[in-house]
Amino acid sequence: MSGLFIDNIRKIILEHVQNEKFGVPELAAEVGLSSSQLLRNIKSATGKTPGEFIKEIRLNEALKLLKENDYTASEVSFRVGFNSPSYFNKCFHDHFGYTPGDVKQMNIPEVTKKTSAAELNMDSGKIQNKTKSKKKTILITFITTLLLIIASYIIYNYFTDLNIKKTSEINIPEKSIAVLPFKNLSDNKNNQYFADGVMNDILNHLSAIKGFKVISITTMEQYRSTKKTAPKIGKELKVSYILESSIQKYKDSIKIVSQLIDAKNDKHLWSKKFERELENIFALESEIAREIAAELKITLTPAEIKKIEKVPTKNL
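Notes on the structure follow.

1. Description of the packing of helix 8 (residues 192-207) against helix 11 (residues 281-295)
Thinking step 1. Remark: helix 8 packs on helix 11, axes separated minimally by 9 Å, with the N-to-C direction vectors making an angle of 45 degrees. One finds that helix 8 runs oblique with respect to helix 11. Viewed along their axes, helix 8 and helix 11 form a crossing whose handedness is right-handed. On the side of helix 8, the interface is formed by Phe194, Gly197, Val198, Asp201, Ile202, His205 and Leu206, while helix 11 contributes Ile281, Phe282, Glu285, Ser286, Ile288, Ala289 and Ile292.
Thinking step 2. Counted by class, the contact of helix 8 with helix 11 contains nine nonpolar, three polar and two charged residues.

Below is the structure:
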């Protein structure tokens, strides 16, 4: 009986996994129990509190998404109900023993209904020990060789890197950005045209800012499915910043997750989730452009603000 009860609880949590506000009171209401009754039943069956059990389900679903899809950690955090990517990273590491960024690089087993949390933690512990042992062996093997040539290597590379850095700083404008093609997270793959349209509008808004270099949409098309890092793209396009976004359209609502990256230092400067009704899409595009300008400390003129906020049509 407890097994059927827990399976039903798990199913309900997964149905609401994207809703960050779905907690113990909402779960109790779904199953028709009081919060105290829910606590006793879940505690008896799993040894965990309802809150702990909900978080575990969210984290297991996050691991599954990271293994099966090409999502970033920030995108996954929002898809499993974490509003803060940094808090998601902390919870993920505390639960599994490794970060979301390590998932792609490690042979981590997929989460299934038959995989218990204890088994998953046991497997991850073995993986970590194996990885640490391998890294230690590689380090010992190479460190002796490196010590023999370290003095000349440092001197040579110091002056080489110094020249490259000076040249790079001269050639790359401080106020420059590349907007990567938006990822379509909608179930309907045909909504990619909609994602491309939103990307194009935001790019045009940024282009309206005087003295702000924006890479054209034609040039950015080559990076639609790229695996290149932000520093690599920034160096190729000679830009200081990268805007990476995903969009999900469902019926008359849209959700956009955008991240502004310092291309030179591969550092996230700004990350935000926007949820609006479809009829407000043009206002949302303007809002994103203004927030990017604010993050980069760009003062917009009244004429630029007017151009960015101009609604091209009232007929969706």
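2. What about unusual backbone geometry?
Thinking step 1. In this structure, Lys251 takes a positive phi of about 55 degrees despite not being glycine.
Thinking step 2. Within the element layout of this structure, Lys251 appears in the loop between strand 4 (241-250) and strand 5 (253-262).
Thinking step 3. Here Lys297, not a glycine, exhibits a phi torsion of approximately 60 degrees, which is positive.

3. Digging into the pairing of strand 1 (residues 176-179)
Thinking step 1. The alternating pattern of strand 1 places Ser176 and Ala178 on one face and Ile177 and Val179 on the opposite face, and all of these are buried.
Thinking step 2. Pairing between strand 1 and strand 3 (residues 213-214): two bridges, direction parallel. Bridge pairing in strand 3 places Ile177 opposite Val214.
Thinking step 3. Here three bridges tie strand 1 to strand 4, and the two strands are oriented parallel to one another. Paired with Val179 across the strands is Leu243, a residue of strand 4.

4. So, a nonpolar patch on the surface
Thinking step 1. Together, Ile138, Phe142, Leu146, Leu148, Ile149, Ile150, Tyr153 and Ile154 make up a nonpolar patch on the protein surface, roughly 830 Å² of accessible area in all.
Thinking step 2. Tracing the backbone through its elements, the reader meets Ile138 in helix 7 (residues 117-171).
Thinking step 3. On the basis of relative accessible area, Ile138 is assigned to the partly exposed category, the value being 42%.

5. Description of the pattern of salt bridges
A side chain of one charge can pair with a side chain of the opposite charge when the charged atoms of the two come close.
Thinking step 1. This structure, assessed with the given rule, holds twelve salt bridges.
Thinking step 2. Notably, a salt bridge pairs Arg10 with Asp7, separated by 3.1 Å at the nearest N-O pair. In this pair, Arg10 and Asp7 are both assigned in helix 1 (residues 2-15), three residues apart and thus about one turn of the helix distant.
Thinking step 3. Between Glu20 and Lys273 there is a salt bridge, with the nearest N and O atoms lying 3.1 Å from each other. In this pair, Glu20 is assigned in the loop between helix 1 and helix 2 (24-31) and Lys273 in strand 6 (residues 267-277), connecting sequence segments 253 residues apart.
Thinking step 4. For Glu20, a relative accessible area of 34% gives the class partly exposed.
Thinking step 5. Taken together, the shared-partner salt bridges in this structure form one network comprising Glu20, Lys273 and Glu275.

6. Structural notes on helix 11
Thinking step 1. End to end, helix 11 covers 21 Å across 15 residues, agreeing with the expected 21 Å (1.5 Å per residue, within 8%).
Thinking step 2. Within helix 11, eleven of the 15 residues are buried, which leaves the element mostly enclosed by the surrounding structure.
Thinking step 3. For helix 11, every residue scored as buried is listed here: Ile281, Phe282, Leu284, Glu285, Ser286, Glu287, Ile288, Ala289, Glu291, Ile292 and Ala293.
Thinking step 4. Taken together, the buried residues of helix 11 touch strand 1, helix 8, strand 4, strand 5, strand 6 and helix 12 (302-309).
Thinking step 5. A positive backbone phi angle near 60 degrees is found at Lys297, which sits one or two residues after helix 11.

About the cut-offs
Residues numbered from 1 in each chain as written. Predicted model: local features only at pLDDT ≥ 70, side-chain atom pairs only at ≥ 80, totals over all residues. Heavy atoms only, no water. Axes fitted to C-alpha atoms, helices over the stretch in contact; angles between N-to-C directions. Helix = DSSP H or I, 4+ residues; strand = E, 2+ residues; numbered from the N terminus. Parallel < 35°, antiparallel > 145°, perpendicular 65-115°, else oblique. Left-handed = near helix turned anticlockwise from the far one by under 90°. Contact = heavy atoms within 4.5 Å. Nonpolar A, V, L, I, M, F, W, Y, C, P; charged D, E, K, R; others polar. Buried < 20%, exposed > 50% of the residue type's maximum accessible area, 1.4 Å probe, protein only. Pairing = 2+ DSSP bridges. Patch = residues over 30% accessible without salt bridge, like charges linked within 9 Å, V, L, I, M, F, W, Y side chains within 5 Å. Areas by Shrake-Rupley, 256 points an atom, 1.4 Å probe, with all protein chains shown as cover. Salt bridge = Lys/Arg side-chain N within 4 Å of Asp/Glu carboxyl O. Expected span 1.5 Å × (residues − 1).

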